[in-house]
Amino acid sequence: MYYIVALFVLLLDQATKWIIANKMEYHESIKVIDHFLYITSHRNQGAAWGILQGQMWFFYLITVVVIIGIVYYIQKHAKGKPLLGMSLGLMLGGAIGNFIDRAIRHEVVDFIDTYIFSYDFPIFNVADAALTVGVILLMIYMFKEERETKEKSYGESGTQHSGK
């Protein structure tokens, strides 16, 4: 199931990037919602906010390690934990989507251009959005698990059970 989520993210990411790369000129922009959302053809050879520009081998290595780690966690820890599995599936699809761009195009195609409270947020893509949502869901899962562990350990009364 979680690999299907990753595949969906990957296919949507690659389809939208293909459309942008083949149908729009570089830096061309289409207004969707004035002063809020634009589709803008952009390329990035770095990471988020353009950091580490041109460090492709670094991104190849990190992405392979991340993908292996995500697959491991899906296989070993996500069974019966839909929130964890969904977060990992989103992150897997996003990581593979941007990896394909770097491997084939030697740059990442970005196109979602937003202005939030007049701040021009860095242009991103479907893979970036999936990674971000996946990380947020993972954090929610971790907080939820921590709270449940504390509740089991201390019980409703707030005192720690000795286990006897």
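Residues numbered from 1 in each chain as written. Predicted model: local features only at pLDDT ≥ 70, side-chain atom pairs only at ≥ 80, totals over all residues. Heavy atoms only, no water.

Undergrad: Break down the overall build of the protein for me, citing the residues and quoting the values.
TA: When its secondary structure is counted, the protein shows four helices and four strands. Of the regular secondary structure in the protein, the N- to C-terminal order runs α-β-β-α-α-β-β-α. Taking the intrachain contacts of the protein between residues at least 6 apart in sequence as the baseline, contacts between residues at least 24 apart amount to 60%. Of the roughly 10,500 Å² of accessible surface on the protein, 68% is carried by carbon and sulfur atoms. (Helix = DSSP H or I, 4+ residues; strand = E, 2+ residues; numbered from the N terminus. Contact = heavy atoms within 4.5 Å. Areas by Shrake-Rupley, 256 points an atom, 1.4 Å probe, with all protein chains shown as cover.)

Undergrad: Can you tell me about the packing of helix α2 (residues 56–77) against helix α3 (residues 82–104), naming the residues and giving the values?
TA: Between two packed helices, what matters for the description is the angle formed by their axes and the separation of those axes. With their axes 9 Å apart at the nearest point, α2 and α3 run at an angle of 155 degrees to one another. If you check the angle between α2 and α3, you find them roughly antiparallel. The interaxial crossing formed by α2 with α3 has left-handed handedness. Along its contact with α2, which presents M56, F59, Y60, T63, V64, I67, I70, V71, Y73, I74 and H77, the element α3 presents L84, L88, G89, M91, L92, A95, I96, F99, R102 and A103. Grouping the amino acids of the contact of α2 with α3 by side-chain chemistry returns 17 nonpolar, three polar and one charged. (Axes fitted to C-alpha atoms, helices over the stretch in contact; angles between N-to-C directions. Parallel < 35°, antiparallel > 145°, perpendicular 65-115°, else oblique. Left-handed = near helix turned anticlockwise from the far one by under 90°. Nonpolar A, V, L, I, M, F, W, Y, C, P; charged D, E, K, R; others polar.)

Undergrad: Before we move on, can you summarise a nonpolar patch on the surface with the specific residues and values?
TA: A cluster of nonpolar side chains, V32, I33, F36, I116 and F117, forms an exposed patch at the surface whose accessible area comes to about 530 Å². The topology assignment puts V32 in strand β1 (residues 29–33). (Patch = residues over 30% accessible without salt bridge, like charges linked within 9 Å, V, L, I, M, F, W, Y side chains within 5 Å. Salt bridge = Lys/Arg side-chain N within 4 Å of Asp/Glu carboxyl O.)

Undergrad: Describe the UniProt feature "transmembrane region" (unreviewed entry) in the protein, naming the residues involved and giving the relevant values.
TA: Within this numbering scheme, the UniProt entry marks residues 57–74, 83–101 and 121–143 as carrying the feature "transmembrane region" (unreviewed entry). End C-alpha to end C-alpha, residues 57–74 measures 26 Å, and it is 100% helix and 0% strand. Along residues 121–143, the helical share is 78% and the strand share 0%, with 28 Å between the first and last C-alpha atoms. (UniProt positions renumbered as here; feature names shortened; annotations may be inferred.)

Undergrad: How would you summarise the sheet that holds strand β2 (residues 37–44) if you had to cite specific residues and measurements?
TA: Remark on secondary structure: sheet strands pair via backbone hydrogen bonds, oriented parallel or antiparallel. Spatial ordering of the open sheet is given by β1-β2-β3-β4, a layout of four strands whose pairing is antiparallel. Two strands bound the open sheet, and with one partner strand each, they are β1 and β4 (119–120). One ladder, built from six bridges, connects β2 with strand β3 (residues 108–116); its direction is antiparallel. Opposite I39, over in β3, you have I112 as the bridge partner. Set on the sheet, helix α1 (residues 2–23) makes contact with β2 and β3; between it and β3 the angle comes to about 90 degrees. (Pairing = 2+ DSSP bridges.)

Undergrad: Now, about the UniProt feature "active site" (unreviewed entry) in the protein: what can you tell me, with residues and values included?
TA: Feature annotation in UniProt places "active site" (unreviewed entry) on D110 and D128, given in this structure's numbering. A maximum C-alpha distance of 8.9 Å is found for the annotated residues, which run over 19 residues; spatially they form one tight group. Note on placement: D110 falls in strand β3. Since its relative accessible area comes to 2%, D110 is described here as buried. Not counting residues up to four positions away in its chain, the partners in contact with D110 are T40, S41, H42, N44, I123, F124, N125 and D128. The partly exposed category is assigned to D128, whose relative accessible area is 22%. Filtering out sequence-adjacent residues up to four positions away, D128 remains in contact with N98 and D110. (Buried < 20%, exposed > 50% of the residue type's maximum accessible area, 1.4 Å probe, protein only.)

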